[in-house]
Amino acid sequence: MHDDLRPHTLELLRSGALAGSRRLNLVGLGLREFPPEILELADTLEILDLSGNALDALPEELPRLRKLRILFCSGNRFGALPAVLGRCEQLEMVGFKSNRIAELPAEALPPRLRWLILTDNAIETLPAAIGRCVRLQKLALAGNRLRELPPQLADCHRLELLRISANRLEQLPDWLLELPRLSWLAFGGNPCSEAREQAALAQSTLADLPWSALRIEARLGEGASGVIHRAMRSDGTEGAVAVKVFKGAVTSDGWPGSELAASIHAGAHANLIPLRGRLSGHPAQAQGLVMALVGPEFRSLAGPPSLASCSRDVYAEGTRFELAALLRLAGGIASAVQQLHRRGIMHGDLYGHNILHCGQGRALLGDFGAASFFDPAAAAQAAAVQRIEARAFGCLLEELIERCTPATAHEAAVIEALAALRDACLDERPGRRPLFDAIMHSLAAHG
Ligand SMILES: Nc1ncnc2c1ncn2[C@@H]1O[C@H](COP(=O)(O)OP(=O)(O)OP(=O)(O)O)[C@@H](O)[C@H]1O
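Calculation criteria
Residues numbered from 1 in each chain as written. Predicted model: local features only at pLDDT ≥ 70, side-chain atom pairs only at ≥ 80, totals over all residues. Heavy atoms only, no water. Near = heavy atom within 4 Å. Polar contact = N/O pair within 3.5 Å; in protein donor to acceptor, adjacent residues only side chain to side chain. Areas by Shrake-Rupley, 256 points an atom, 1.4 Å probe, with all protein chains shown as cover. Helix = DSSP H or I, 4+ residues; strand = E, 2+ residues; numbered from the N terminus. Core = buried A, V, L, I, M, F, W, Y, C linked by side-chain atoms within 4.5 Å. Buried < 20%, exposed > 50% of the residue type's maximum accessible area, 1.4 Å probe, protein only. Contact = heavy atoms within 4.5 Å. UniProt positions renumbered as here; feature names shortened; annotations may be inferred.

- For the protein chain, the name recorded in an unreviewed UniProt entry is Leucine-rich repeat-containing protein kinase family protein, with Roseateles violae as its organism.

## A short note on the site of the ligand
Logical step 1: In the neighbourhood of the ligand, 14 residues make up the surrounding shell, with A224, K244, A292, V294 and D367 lying closest.
Logical step 2: Contact distances for the ligand include 2.9 Å between a nitrogen atom and a backbone N or O atom of V294.
Logical step 3: Contact with the protein chains removes 68% of the 620 Å² of surface that the ligand exposes when unbound.
Logical step 4: With three residues, strand β10 (residues 214-222) is the largest single contributor of residues to the shell around the ligand.

## What to know about the nonpolar core
Logical step 1: Counting residues in each nonpolar core, the largest one holds 64 residues, and the members touching the most others are I38, L48, L50, L58, F96, I164 and L185.
Logical step 2: Elements represented by at least two residues in this core include exactly α1 (10-15), α2 (174-177) and α6 (379-402).
Logical step 3: In terms of residues, this core owes the most to one element, α6, which gives four residues.
Logical step 4: Ignoring anything within four residues of it in the chain, the contact list for I38 reads L13, L24, L26, L45, L48, L50 and L65.
Logical step 5: The next biggest cluster of nonpolar side chains, apart from the first, holds 54 residues, and it includes F321, V337, L400 and I401.

## Things to note about the UniProt feature "binding site: ATP" (unreviewed entry) in the protein chain
Logical step 1: With numbering matched to this structure, UniProt assigns "binding site: ATP" (unreviewed entry) to K244.
Logical step 2: Within the secondary structure, K244 is located in strand β12 (residues 240-246).
Logical step 3: Within the local environment of K244, its side chain forms a polar contact with the side chain of E259, the two groups lying 2.8 Å apart.

Quick look at the structure:
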């Protein structure tokens, strides 16, 4: 019921037929003003989606929606985050992606805020009051104009996911890398990482593959950053391949250019999807990548987080793993991340939903949309960045272990050792977490 995305209409709302609703979706209706009838749902409404309208203000009476937990206003015309949000006692999730927000008043931050999405706006500074949002777990700020982050953000001890890619940051503050629960960080497309992205593209030895040398067949899927097609190479050198054509616009994870650079610089690895070439000569000058086609025997390890799970993936009911498959999967993914880190790339989105697997432990780590370049020679910062990703690996290991039942006493002992590795990766003192060399070593001892 909570993730029910069925659109509603104004007529339906006005008819009274929606009385008692917990979720209301008035999306893409061209609304210029907040329909006052929404306030009649004061006693029941928990989720309100007003995305894709032409709103620039919310009424002062909004707190009358006393149960409101989740509000989406993406793709509207707001120039400021409305101050009235700060008076909505139960509001936990606020999404204002792709507006014109330049102003973020301190009063606008709701007391119970857990998840704030302000991707693709015009924000130059965050208020110091963000530090009072002690429940904050996810903060999406990609595609803004931030030059620095307020040091008070260090007080957000529960922050787990932060997107600050495609901004104007010259450096990452040390305190950011010390946040006790930070696990998924994206900072590509900033002055502090852009030179490395450019260098990775310039040094690439990946062959250009012209669009004209591909015969596009079926559409395979679509992610936030691009559309994937199945294609045949007209030179007949290979069977079918997969072509990702980037859309070009900023996503919640950052610029597609950062994804392209990281995908290329990642290099070949048994647990990464092999690249065949970089697309050239696209009729609309779009950027793209040609990859090996992943077979239908591979499926996603998990679904992405839901509104309720917030920062954690959602696994299909009844998902179980054999210990041998678990070890192979975890070892393969850790090995891929180890290679990325050696090349100065943080994946930034190390999640089950970005892993394809075959059920027997063969796994591929995908989606470089949130990947960021760091300087492996700047030892202290490089280690701190890698330890953030170690926490993401700890979350993954936790999810795998929870779904594995030992068949023998030996297996129980192995799972106990894996649980100790999980705890080390999840340590809230980041300096105590293992780097991926140590994680690999630990996993290899049981493989
Ligand atoms: N190499 C491939 N072979 C076969 N299918 C693929 C390949 N790469 C991607 N796909 C298909 O295309 C879909 C979109 O992939 P893509 O990597 O763009 O996005 P995503 O990671 O699923 O989403 P997002 O970037 O929004 O998190 C995938 O879910 C998958 O079904």
